[in-house]
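Below are the chains, spelled out letter by letter.
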Amino acid sequence: MANPKLKSVGKPSQNSNVIARHNPAAAVKTAYSPAEREEIFRRFSVQRPEPKGELEHSNPFTLVVAVALSAQATDVGVNKATRALFKIADTPEKMLELGEEKVRDYIKTIGLYRNKAKNVIALSQMLVDQFGGTVPETRDELVRLPGVGRKTANVVLSMAFGQPTMAVDTHIFRIANRIRLAPGKTPDEVEARLMKVIPKHYLYHAHHWLILHGRYTCKARRPECERCVIADICKSPEKSWDMAAPLVELPPQVIGEAVE
Ligand code: SF4
């Protein structure tokens, strides 16, 4: 099937190509009209009115640690390890008291655990030394913490501090490109484009909607189009079904149900 035509978003400009050459994010393309984008996210909002991340945490600090540990690991695997860890160390001070070796023991079922344990201790130390033991609320400060990249910072800003951000993980990157919602070659490019094409009033929850849609329906190996609520609107060349699934609110997420 031929690729659907991409539409430009924003006011057309005579020198848009010049702008695009200097700033790739300015050349935002999407296969969907504003009305179609509105409808896609309206349906996601009916399906999951209050979407939540699946990483267990009790405060901004445990969220930072959980997200940093989740790189190249599943949320289910991280939750199994952090349940016991966070019971005894839910602040930077307690984490430092525990020490790197013990942190390593708690998280050794997670990939790259040696390096991650080092980072957990180093970021706890920085929080105590430079931020009075609290998690900072700006992206620039967050990405200075060891083991915290732009994606982790975006998740923390959104989940801990209620700021609309778009942390592009593997699911979001795949969906943005697969369905041509905000195609891009890098996560940063996709992030900038999604921030422009998603209707503003849906931006706050859009991150979780897209992740959960990717995890449970628009899966990596075989998208389950017959179970998809946007199958009639979707313009993916990989789509195998044309009728939207019934639009109903889903039961609460079941942790551990996800299949990659
Ligand atoms: S129709 Fe298929 S490809 Fe399109 S969003 Fe739904 S699951 Fe993904």
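The protein has the name Endonuclease III in an unreviewed UniProt entry, where Rhizobium chutanense is given as its organism. Heading Catalytic activity (unreviewed entry) of the UniProt record for the protein holds this comment: "2'-deoxyribonucleotide-(2'-deoxyribose 5'-phosphate)-2'-deoxyribonucleotide-DNA = a 3'-end 2'-deoxyribonucleotide-(2,3-dehydro-2,3-deoxyribose 5'-phosphate)-DNA + a 5'-end 5'-phospho-2'-deoxyribonucleoside-DNA + H(+)". Under the heading Sequence similarities (unreviewed entry), UniProt records this for the protein: "Belongs to the Nth/MutY family."

Peer 1: Explain the overall build of the protein here, please?
Peer 2: When helices and strands are tallied, the protein shows 12 helices and 2 strands. Taken from N to C terminus, the helices and strands of the protein fall in the order β-α-β-α-α-α-α-α-α-α-α-α-α-α. When the 260 residues of the protein are sorted by exposure, 38% land in the buried category.

Peer 1: Please explain the environment of Glu-249 as it appears in this structure.
Peer 2: With respect to the element layout, Glu-249 can be found in the segment after α12 (203–216). Spatially, the C-alpha atoms of Glu-249 and Ser-45 are 8.6 Å apart, while their sequence positions differ by 204 residues. Those residues within four positions of Glu-249 in sequence are excluded, and the remaining contacts are Val-46, Gln-47 and Pro-49.

Peer 1: Explain the environment of His-57 here, please?
Peer 2: Relative to the elements of secondary structure, His-57 occurs in the loop between α2 (34–47) and α3 (60–69). Expressed as a C-alpha distance, the spacing of His-57 and Asn-79, which sit 22 residues apart in the sequence, is 8.7 Å. Once you skip the residues sitting within four places of it in the chain, His-57 turns out to touch Thr-62, Leu-63 and Ala-66.

Peer 1: Whenever I open this one, unusual backbone geometry confuses me. Can you help?
Peer 2: Phi is mostly negative for residues that are not glycine, and the peptide bonds are mostly trans. At Gln-72, a position not held by glycine, the phi torsion is positive, near 55°. Mapped onto the secondary structure, Gln-72 falls in the loop between α3 and α4 (75–88). Residue Gln-72 is classed as exposed on the basis of its 10 C-beta neighbours within 10 Å. A positive phi angle, near 65°, is found at Arg-180, a position not held by glycine. Exposure remark for Arg-180: the 21 C-beta atoms within 10 Å place this residue in the buried category.

Peer 1: I would appreciate a short explanation of the nonpolar core in the present structure.
Peer 2: Side chains of a nonpolar character, in soluble globular proteins, are inclined to be buried together. Counting 63 residues, the largest nonpolar core has Val-64, Val-67, Ile-107, Val-120, Val-156, Ile-172 and Ala-176 as its most contacted members. With 8 residues, the single largest contributor to this core is α3. Among the domains, domain 1 (7–51 + 165–227) and domain 2 (60–161) are the pair contributing at least three residues each to this core. Those residues in contact with Ala-176 that lie beyond four places of it in its chain are Leu-181, Ala-182, Pro-183, Gly-184, Val-190 and Leu-194.

Peer 1: When you look at the packing of helix α10 (residues 170–178) against α12 in this model, what are you seeing that I'm missing?
Peer 2: Geometry of a packed helix pair, given as the angle between the helix axes and the separation of the axes. Axis separation between α10 and α12 bottoms out at 8 Å; the angle between their running directions is 85°. Between α10 and α12, the angle is such that the two are roughly perpendicular. Only Leu-210, Ile-211, His-213, Gly-214 and Arg-215 of α12 make contact with α10, whose side of the interface consists of His-171, Ile-172, Arg-174 and Ile-175. Tallied by class, the residues present in the contact of α10 with α12 amount to 4 nonpolar, 3 polar and 2 charged.

Peer 1: I would appreciate a short explanation of the environment of Pro-164 in the present structure.
Peer 2: Position of Pro-164 among the secondary structure elements: in the loop between α9 (150–161) and α10. Owing to 17 C-beta atoms within 10 Å, Pro-164 belongs among the partly exposed residues under this scheme. Sequence-wise, Pro-164 and Lys-200 are 36 residues apart; in three dimensions their C-alpha atoms are separated by 9.1 Å. Ignoring anything within four residues of it in the chain, the contact list for Pro-164 reads Ser-158, Leu-203 and Tyr-204.

Peer 1: Help me out: how do you make sense of the UniProt feature "binding site: [4Fe-4S] cluster" (unreviewed entry) in the protein in this one?
Peer 2: The feature "binding site: [4Fe-4S] cluster" (unreviewed entry), as annotated in UniProt, sits at Cys-218, Cys-225, Cys-228 and Cys-234 in this numbering. Over a stretch of 17 residues, the named residues converge on one spot in the fold, their C-alpha atoms separated by at most 10.9 Å. Tracing the chain through its elements places Cys-225 in the segment after α12. Take Cys-225: there are 20 C-beta atoms within 10 Å of it, and that puts it in the buried class.

Rules used in this analysis
In every chain, residue numbers begin from 1 and rise along the written sequence. At least 70 in pLDDT is required for a residue's local features to be given in this predicted model, at least 80 for side-chain atom pairs to be given and counted, and no such filter applies to totals for whole chains, interfaces and linings, which use all residues. UniProt positions are given in the numbering used here, feature names are shortened, and annotations may be inferred rather than shown by experiment. In DSSP terms, a helix is any run of H or I states spanning at least four residues, a strand is any run of E spanning at least two, and both are numbered starting from the N terminus. Exposure criterion: with C-beta atoms placed from backbone coordinates, a residue whose C-beta has 20 or more other C-beta atoms within 10 Å is buried, one with 12 or fewer is exposed, and one in between is partly exposed. Contact between two residues is assigned when their C-beta atoms, built from the backbone, lie within 7 Å. Throughout this description, the term nonpolar core refers to a group of buried Ala, Val, Leu, Ile, Met, Phe, Trp, Tyr and Cys residues whose C-beta atoms join them within 7 Å. Domain boundaries shown here were taken from an automatic or database domain assignment. The axes are straight lines fitted to the C-alpha atoms, using for helices just the contacting stretch, and the angles between their N-to-C directions are given from 0 to 180°. Oblique is the label for every angle not falling under 35 degrees (roughly parallel), over 145 degrees (roughly antiparallel), or within 65 to 115 degrees (roughly perpendicular). Charged means Asp, Glu, Lys or Arg here, nonpolar means Ala, Val, Leu, Ile, Met, Phe, Trp, Tyr, Cys or Pro, and polar covers whatever is left, Gly included.

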